[in-house]
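An overview of the molecular structure
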Amino acid sequence: MEKKIAVIKGDGIGPEIVNEALKVIEAIAQKYKHTFEYQYIDMGGASIDKYGVPLTDEAITIAKASDAVLLGSIGGDTNTSPWYQLEPTLRPEAGLLKMRKELGLFANLRPAYLYDELKGACPLKEEITEGGFDMMIMRELTGGLYFGERETKEIDGQMVAHDNLVYSESEIRRIAKRSFDIAMKRRKKVTSVDKANVLDTSRLWRKIVNEVAVDYPEVELEHMLVDNAAMQLVKDPRQFDVILTENMFGDILSDEASMVTGSIGMLSSASLREDTLGMYEPSHGSAPDIAGQNIANPIATILSAAMMLRYSFDMDEEAKNIEDAIEKVLKAGYRTVDIMSEDKQQVTCSQMGDLIVENL
Ligand code: IPM
Ligand code: MG
């Protein structure tokens, strides 16, 4: 099969981790006789430095014409990087939000699970994590607070800012459907998270999710308020299968969930729409503090590349091959520094990539 991949290395550790992912998918291409054609585009800080904007129209055109987008990470230290002296619409994150919107990537899948091999890194007590946990956070990605009209202006002698939170029925319905579809392939439970005791958008959210649920009688649906969900995630993460939620709640809860696994460097993500085009990136950020040292963990990005093979290219066997290789490398005791523990063998970012390739 021939596939066109738009590659965005990005900022911070982005280039290092993407290089390892590219090594792995090139090895897959050879093994399974596929041809992957890579087109490199810029986004975030790297694009600001080259073109003065965090995303160019040309980059969007290339991404739209590709079969999938593979992304490292974007952004820098918000306290010290000159990118954050620019006006908000010209900062690195604006590029990422624009790319999601332009490509219409409304469904963000963020798996969070406890690796057997890495249980020691989990910050929760053993009695809580016994038996492990495995959840999929489904975050609505192109609506809500991050895309509403916003403004800061002076009123009656003081500065006042507002951000609009808007959701339409159709936006809620499509992410709800996608979540129930995914739940059908998992443990058939959806927890829809909202703030329906306060927000109108949440009350509409709940109504539409209930309507969609009618078509999925096999799936158990529960509604949970977001503050309670934040608590339940650390109290008893085993109770969750699919968590369905709006953009900002999903942003926050997915960071919490990944931290709870103890291995944020291991978690992938996919941003999808109705057809097969998707954007794939690790759940973690650009970690500017360790950039360029060849110590970052490339596994989240490599797992994201595996998700790309599965969801955008329909290459299940190839994706499984990558996931199994990662498991083998972990079983053999190799660790990057973030997941290092006693008696294990510490390796660099590029060594980890090589080891995974060897185990394909
Ligand atoms: C994420 C990030 C982004 C988001 C930022 C960088 C705009 O935190 O992907 O979770 O909030 O969506
Ligand atoms: Mg986030």
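This one's a predicted model, so the numbers in the text were calculated from it and none came from an experiment. (Residues numbered from 1 in each chain as written. Chains lettered and ligands numbered in written order. Predicted model: local features only at pLDDT ≥ 70, side-chain atom pairs only at ≥ 80, totals over all residues. Heavy atoms only, no water.)

Let us look at the pairing of strand E9 (residues 220-225). In this structure, strand E8 (residues 189-194) lies alongside E9, joined through six bridges in parallel fashion. In the sheet register, Val193 faces E9, and the bridge partner there is Met224. In this region the chain leaves E8, passes through helix H7 (residues 200-213) and returns to the parallel neighbour E9; the handedness of that crossover is right-handed. (Pairing = 2+ DSSP bridges. Helix = DSSP H or I, 4+ residues; strand = E, 2+ residues; numbered from the N terminus. Right-handed = clockwise from strand over helix to strand, strands pointing away.)

Its 16 residues place the ends of helix H11 (residues 316-331) 22 Å apart at the C-alpha level, agreeing with the 22 Å of an ideal helix rising 1.5 Å per residue. For H11, every residue scored as buried is listed here: Glu318, Ala319, Asn321, Ile322, Ala325, Ile326, Val329 and Leu330. Contact partners of the buried residues in H11: helix H1 (14-32), helix H10 (299-311), strand E13 (334-335) and helix H12 (349-358). Note on H11: the residue one or two positions beyond its end, Gly333, has a positive phi of about 100°. (Expected span 1.5 Å × (residues − 1). Buried < 20%, exposed > 50% of the residue type's maximum accessible area, 1.4 Å probe, protein only. Contact = heavy atoms within 4.5 Å.)

Close to ligand 1 lie Glu93, Arg100, Arg110, Arg139, Tyr146 and Asp251, which account for all nearby residues. In this structure, Arg110 approaches ligand 1 through a side-chain N or O atom, which is 2.8 Å from an oxygen atom. A distance of 2.9 Å separates an oxygen atom of ligand 1 from a polar atom in the side chain of Asp251. Against a free-state accessible area of 320 Å², the protein chains account for coverage of 75% of ligand 1. (Near = heavy atom within 4 Å. Polar contact = N/O pair within 3.5 Å; in protein donor to acceptor, adjacent residues only side chain to side chain. Areas by Shrake-Rupley, 256 points an atom, 1.4 Å probe, with all protein chains shown as cover.)

Any two packed helices are characterised by how steeply their axes cross, that is the angle between the axes, and by the distance between the axes. H12 packs onto H11 with a crossing angle of 115° between their chain directions and a minimal axis gap of 8 Å. The handedness of the crossing between H11 and H12 is right-handed. Residue-level contacts link Ala325, Ile326 and Val329 of H11 to Met352, Leu355 and Ile356 of H12. Partitioning the contact of H11 with H12 into residue classes produces six nonpolar, no polar and no charged. (Axes fitted to C-alpha atoms, helices over the stretch in contact; angles between N-to-C directions. Left-handed = near helix turned anticlockwise from the far one by under 90°. Nonpolar A, V, L, I, M, F, W, Y, C, P; charged D, E, K, R; others polar.)

Our next topic: empty space enclosed by the protein. According to the stated counting rule, one finds two cavities of 30 Å³ or more in the structure shown. Approximately 50 Å³ is the volume attributed to the largest cavity. Lining the largest cavity, in full, are Leu165, Tyr167, Val193, Asp194, Leu199, Thr201, Ser202, Trp205, Glu246 and Phe249. If you list the elements that add at least two residues to the lining of the largest cavity, you get E8 and H7. The biggest single contributor to the lining of the largest cavity is H7, with three residues. The residue makeup of the lining of the largest cavity, split by class, is six nonpolar, two polar and two charged. By volume, the second largest cavity is sized at about 40 Å³. Elements with a contribution of two residues or more to the lining of the second largest cavity: strand E4 (107-113) and helix H9 (247-261). For the lining of the second largest cavity, the per-class residue count stands at five nonpolar, three polar and one charged. (1 Å grid on protein atoms, 1.4 Å probe; cavity = no way out; pocket = protein on both sides within 12 Å on 5 of 7 lines; lining within 4 Å. Points joined across faces, edges and corners; volume = space filled by probe spheres on them.)

By convention, interface size is frequently given as the accessible area that disappears when the constituent parts associate. Domain annotation for the protein reports domain 1 (1-110 + 275-360) and domain 2 (123-260). Across the boundary between the two partners, domain 1 contributes eleven residues, which contact 16 residues of domain 2. When the two sides are added together, the surface that domain 1 and domain 2 hide from each other amounts to roughly 1400 Å², 62% of it contributed by carbon and sulfur. On the domain 1 side of the interface with domain 2, the three residues burying the most area are Phe106, Asn108 and Arg110, jointly 50% of the side's total. The interface formed by domain 1 and domain 2 includes zero salt bridges. (Domains from an automatic or database assignment. Buried area = accessible area lost by both parts, 1.4 Å probe. Salt bridge = Lys/Arg side-chain N within 4 Å of Asp/Glu carboxyl O.)

Once that is clear, we can look at the nonpolar core. Counting residues in hydrophobic clusters, the biggest one holds 62 residues, and the most contacted among them are Ile25, Leu70, Leu109, Ile322 and Ile356. Structurally, this core is a two-domain feature, drawing no fewer than three residues from each of domain 1 (1-110 + 275-360) and domain 2 (123-260). The contacts of Leu109, once residues within four sequence positions are left out, are Met136, Ile137, Met138, Ile182, Ser268, Ser269, Ala270, Leu272, Met307 and Tyr311. Grouped together as the second largest cluster of nonpolar side chains are 20 residues, Met135, Ala229, Leu233 and Ala257 included. (Core = buried A, V, L, I, M, F, W, Y, C linked by side-chain atoms within 4.5 Å.)

Here the focus is the pairing of strand E6 (residues 150-155). Across six bridges, the pairing between E6 and strand E7 (residues 158-163) is antiparallel. Looking at E7, one finds that Thr152 is bridged to Ala161. Between E6 and the antiparallel strand that follows it, E7, lie two residues; Asp156 among them carries a positive phi value of about 50°.

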